[in-house]
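Spelled out from the first residue to the last, the chains are:
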Amino acid sequence: MPGTSYKPRKGLPRTMFPRILAISALLLLAACTRGETGLEGTLLFRDAPLAGAEVEIYLKGEKDRSTNPFAGTVTDEAGRFRVELPPGRYFLIGKMRQESASGSRMLMAECPANPLEVTGGMRKVPPFSLREMGRDGALVPDPGTGVRGRVTREGAPVAGAFIYVYTEDGAGLMGPSYGEAVQADERGEFQIDLPAGRYFLAARKRSDGARMGEPSVGDLNGVYPGNPVTLARGEMSLLGAFPLAPVEAQERQARLDAGRFAPTGTAFTGEAVDADGRPVAGVYVFAYLDSRMVGKPSFISVPTGSDGRFSLHLADGGTYYVGARSTFGGPLEPGEWVGTYDGRPDHRAEVPRGEVRSLGPIVVREVW
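Rules of the game
- Residues numbered from 1 in each chain as written.
- Predicted model: local features only at pLDDT ≥ 70, side-chain atom pairs only at ≥ 80, totals over all residues.
- Heavy atoms only, no water.
- Helix = DSSP H or I, 4+ residues; strand = E, 2+ residues; numbered from the N terminus.
- Buried < 20%, exposed > 50% of the residue type's maximum accessible area, 1.4 Å probe, protein only.
- Contact = heavy atoms within 4.5 Å.
- Salt bridge = Lys/Arg side-chain N within 4 Å of Asp/Glu carboxyl O.
- Phe/Tyr/Trp six-rings, centres within 6.5 Å; stacked < 30°, edge-to-face > 60°.
- Polar contact = N/O pair within 3.5 Å; in protein donor to acceptor, adjacent residues only side chain to side chain.
- Pairing = 2+ DSSP bridges.
- pLDDT = per-residue confidence, 0-100.

Asks: What is the right way to look at the overall build of the protein chain in this model?
Replies: The helix and strand inventory of the protein chain stands at two helices and 28 strands. For the protein chain, with 368 residues in total, the buried portion stands at 45%. In the protein chain, once contacts between residues fewer than 6 apart in sequence are set aside, the share between residues at least 24 apart is 71%.

Asks: Would you mind showing me how to read the pattern of salt bridges here?
Replies: Per the stated rule, a full pass over the model turns up 15 salt bridges. Asp276 is the salt-bridge partner of Arg278, the closest N and O atoms lying 3.2 Å from each other. For Asp276, a relative accessible area of 61% corresponds to the exposed category. Within the structure, one salt-bridge network assembled from shared partners comprises Glu36, Glu40, Arg82 and Lys124.

Asks: When you look at the packing of aromatic side chains in this model, what are you seeing that I'm missing?
Replies: Given two aromatic rings, their pairing is described by the distance between the two centres and the angle made by the two planes. The tally for this structure, following the rule as stated, stands at six aromatic pairs. Taking the centre distance of 6.5 Å and the plane angle of 35° together, the rings of Phe162 and Tyr164 count as tilted. Assigned by exposure class, Phe162 and Tyr164 land together as buried. Through a chain of ring-to-ring contacts, three or more aromatic side chains come together here, namely Phe268, Phe299 and Tyr320.

Asks: When you look at the environment of Leu201 in this model, what are you seeing that I'm missing?
Replies: Looking at the secondary structure, you find Leu201 in strand E16 (residues 197-205). Overall, Leu201 belongs to the buried group, its relative accessible area being 0%. Here the alpha-carbon distance between Leu201 and Val165, two residues 36 residues apart in the chain, equals 4.8 Å.

Asks: Explain the side chain of Ser326 here, please?
Replies: The residue Ser326 is located in the loop between strand E25 (318-325) and strand E26 (337-340) in this model. Using a relative accessible area of 18% as the deciding quantity, one classes Ser326 as buried. Of the polar contacts made by the side chain of Ser326, one reaches the backbone nitrogen of Trp337; its length is 2.9 Å. For Ser326, the contacting residues outside a window of four places in its chain are Gly282, Val283, Tyr284, Glu336 and Trp337.

Asks: Would you take a moment to explain the pairing of strand E27 (residues 348-351) for this structure?
Replies: Working note: regular strand, side chains alternate between the two faces of the sheet. Only one face of E27 is buried: it carries Ala349 and Val351, and the other face, with Arg348 and Glu350, is open. Here E25 pairs with E27 via four bridges, running antiparallel. The residue bridging Thr319 from the neighbouring strand is Glu350, located in E27.

Asks: Explain the pairing of strand E5 (residues 80-84) here, please?
Replies: The side-chain alternation of E5 yields one buried face, formed by Phe81 and Val83, and one unburied face, formed by Arg80, Arg82 and Glu84. Bridging between strand E1 (residues 38-45) and E5 involves five bridges; their strand directions are antiparallel. By the bridge assignment, Leu39 is partnered in E5 with Val83.

Asks: Looking at this structure, I do not really get unusual backbone geometry. What am I missing?
Replies: In most cases, non-glycine residues show a negative phi, while peptide bonds are predominantly trans. Residue Pro115 is reached from Asn114 by a cis peptide bond, and omega for that bond is -10°. Backbone torsion omega between Asn227 and Pro228 reads -5°, so that peptide bond is classified as cis. Tracing the backbone shows Pro228 in the loop between strand E17 (220-223) and strand E18 (229-231). If you check the backbone angles, Glu154 has positive phi at about 50° while not being a glycine. Along the chain, Glu154 falls in the loop between strand E11 (146-153) and strand E12 (156-157).

Asks: Sorry, what's going on with the confidence of the model for the protein chain here?
Replies: For residues with low pLDDT, the predicted coordinates do not support detailed interpretation. Of all residues in the protein chain, 74% attain a pLDDT of 70 or more, and the chain-wide mean is 80. With pLDDT under 50 throughout, residues 4-18 is counted as low confidence; its partners more than four residues away or in other chains account for 26 contacts. Note on residues 28-34: pLDDT is under 50 here. Beyond four places in sequence and across chains, it has three contacts.

Asks: Explain the environment of Arg82 to me, please; I cannot follow it from the model alone.
Replies: Looking at where Arg82 falls in the secondary structure, it is placed in strand E5. The class of Arg82 is partly exposed, set by a relative accessible area of 24%. Counting along the chain gives 27 residues from Arg82 to Val55, while the straight-line C-alpha distance between them is 9.2 Å.

Below, the structure written as structure tokens:
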């Protein structure tokens, strides 16, 4: 099986080589003193092992083409990879460019289990599938391939509901990590064009008509009972009725008490306010690990109540870049509230592990 590589990549500045050598020496020492640690798993495409795919390990969740991976390797003929790493917290992505007579295509996906904690031994990463990406990063549908259905509530059609397509179910079919999203028409009917593969569907209709955001009590929510949906190339699958039900207070609280909203002992607190200092309800506060503050945030709060107060729970102490929005995911839209933590010009805040730090007021403005 392929091993790790802390090898200098082509084009790296010479000043990077001493740092890479130092890291390699530390890893060798760690391997000798604590035993082998790192990540191992399997990459798939359309549920089949993917040989020759690149596995890249990053120290931060957000990166661009100028960011070099911390470590990397290539999958073997069975789609397996193994990367030796010192104990720490990592973000893993898989990618592969395939060339053919008809052109090239890029396969890529982030590991749904990110971030991955390595503490001791080789951590097994659950297998996950890469997907074909277009120039804009969206899924590229195969001709004549997709799903059709009708969103209902107690047998009646639900007009205007949003249907979300996820490529993995590890996030509980919540959040902005979906592959595609469409809106049902006035008859509750929808069609989503997709590439061949396996998918998980969810649908929601929020009382305020929003496309994104944590469902509130009374909003309609549902997961397709036939998940996962497997599509062959050229297959348009007829799903039939897709039932939704109102979100109940007990159900919503149980969701908030788990996962991304669960108290951890390390947190930022504060208040979302407008320019006049009045509290603003319905605002999510985000924490990023990257100063550019783009893409999917690493941590998110429960939306603020009428008092504007928030608690943003974090997995560990450290440095974060903090922002706020009244929805999460997608471009800014009119009527949305948005702002940043301005205690420092770069919106940076630190908190030790196991402590709760108050950020004070975060000023948000309404976009028009």
